[in-house]
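# Secondary and tertiary structure notes
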Amino acid sequence: MRPASTARVSQLLANWGQGDKNAREALISLVYGELRRLARCRLGGEHPDHTLESAALVNEAYLRLVRQDALQWQNRAHFFGVAAQVMRHILVDHARGRRAGKRGGGATPLTLNTGIALPQQREFDLLALDDALKELAAFEPQLSRLVELRFFGGLSIEETSVVMEVSPATVKREWALARAWLQRKIKKTGTLR
């Protein structure tokens, strides 16, 4: 699947930001496939009994995104950054609900996308990642945001640099630092990529 045209997405975002509801609908139609791909990546390693599917994740993300009318969208990367944040919250809420449903049982494991996160498929505790990101955000909010954009949003180094308004070299350096910190914090084998 080819990503939607950056120029077209940026134009629709600008129109949506000016109150054009038709632009919002056209945008969602244009980027739905990309959002679905991101959702499949996030859910790819779940247990077979996992109840959240990629379509449900995208639909819930869509409902939350359309409530963002007051937000002034900057560009395609900004939109996917916000979408990443929304998906993170949905996944964490779902994992917490499942944990509570099991009367405090183990967290729902999530396999990180091999293209973005781990060199090998490994189950990963999403709640542990969320807790670690919150802790990281307390003293290094930029690193936490970077992980959110790269892992939950699937943004490239270049797209992340646009959203964060830093150079790609800074993103690479901070991404390596964040991965190392998270690896130590979560105490899992393997390394975030």
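Conventions and cut-offs
Residues numbered from 1 in each chain as written. Predicted model: local features only at pLDDT ≥ 70, side-chain atom pairs only at ≥ 80, totals over all residues. Heavy atoms only, no water. Salt bridge = Lys/Arg side-chain N within 4 Å of Asp/Glu carboxyl O. Buried < 20%, exposed > 50% of the residue type's maximum accessible area, 1.4 Å probe, protein only. Helix = DSSP H or I, 4+ residues; strand = E, 2+ residues; numbered from the N terminus. Arc of directions from axis to C-beta. Core = buried A, V, L, I, M, F, W, Y, C linked by side-chain atoms within 4.5 Å. Contact = heavy atoms within 4.5 Å. Expected span 1.5 Å × (residues − 1). Phe/Tyr/Trp six-rings, centres within 6.5 Å; stacked < 30°, edge-to-face > 60°. Lys NZ or Arg CZ within 6 Å of the ring centre and 35° of its normal.

## Thoughts on the pattern of salt bridges
This model, assessed by the stated rule, comprises 12 salt bridges. The salt bridge partner of E25 is R24, with a shortest N-O separation of 3.1 Å. One network of salt bridges, in which partners are shared, links R88, R96, D130, D131, K134, R145 and E148.

## Concerning helix α7 (residues 157-164)
Here α7 has its buried residues at I157, T160, S161, V163 and M164. Buried residues in α7, looked at end-on, bunch into an arc of 165°, giving them a common side. One or two residues past the end of α7 sits E165, with phi positive at roughly 60°.

## A short note on the nonpolar core
Residues L27, L35, L57, F79, L129 and F152 are the most contacted members of the largest nonpolar core, which totals 52 residues. At the level of secondary structure, the elements contributing two or more residues to this core comprise α1 (6-17), α2 (21-43), α3 (54-66), α4 (76-101), α5 (126-139), α6 (141-152), α7 and α8 (168-186). With 12 residues, the single largest contributor to this core is α4.

## As for the environment of I90
Here I90 lies in helix α4. When the C-alpha atoms of I90 and R64 are compared, they prove to be 9.6 Å apart, with 26 residues separating the residues in sequence. Apart from residues no more than four positions distant in its own chain, I90 is found in contact with L52, L57, E60, A61 and R64.

## Notes on α3
Think of an α-helix as 3.6 residues a turn; residues three or four steps apart then line up on the same face. A rise of 1.5 Å per residue sets the reference length of α3, with its 13 residues, at 18 Å; its end C-alpha atoms lie 18 Å apart and thus fit the reference within 8%. Where α3 is concerned, the buried positions are S54, L57, V58, A61, L65 and V66. Along α3, the residues classed as buried sweep out an arc of 155° about the axis, all on the same side.

## What about the packing of aromatic side chains?
In this structure the tally under the stated criterion is 5 aromatic pairs. Look at F151 and F152: their rings are 4.6 Å apart centre to centre, the planes differ by 85°, and that puts the pair in the edge-to-face class. F152 carries the same exposure label as F151, and that label is buried. An aromatic cluster is built from W16, W73, F79 and F80, whose rings are joined through pairwise contacts. We note R150 situated over the ring of W175; from NZ or CZ to the ring centre the distance is 4.9 Å.

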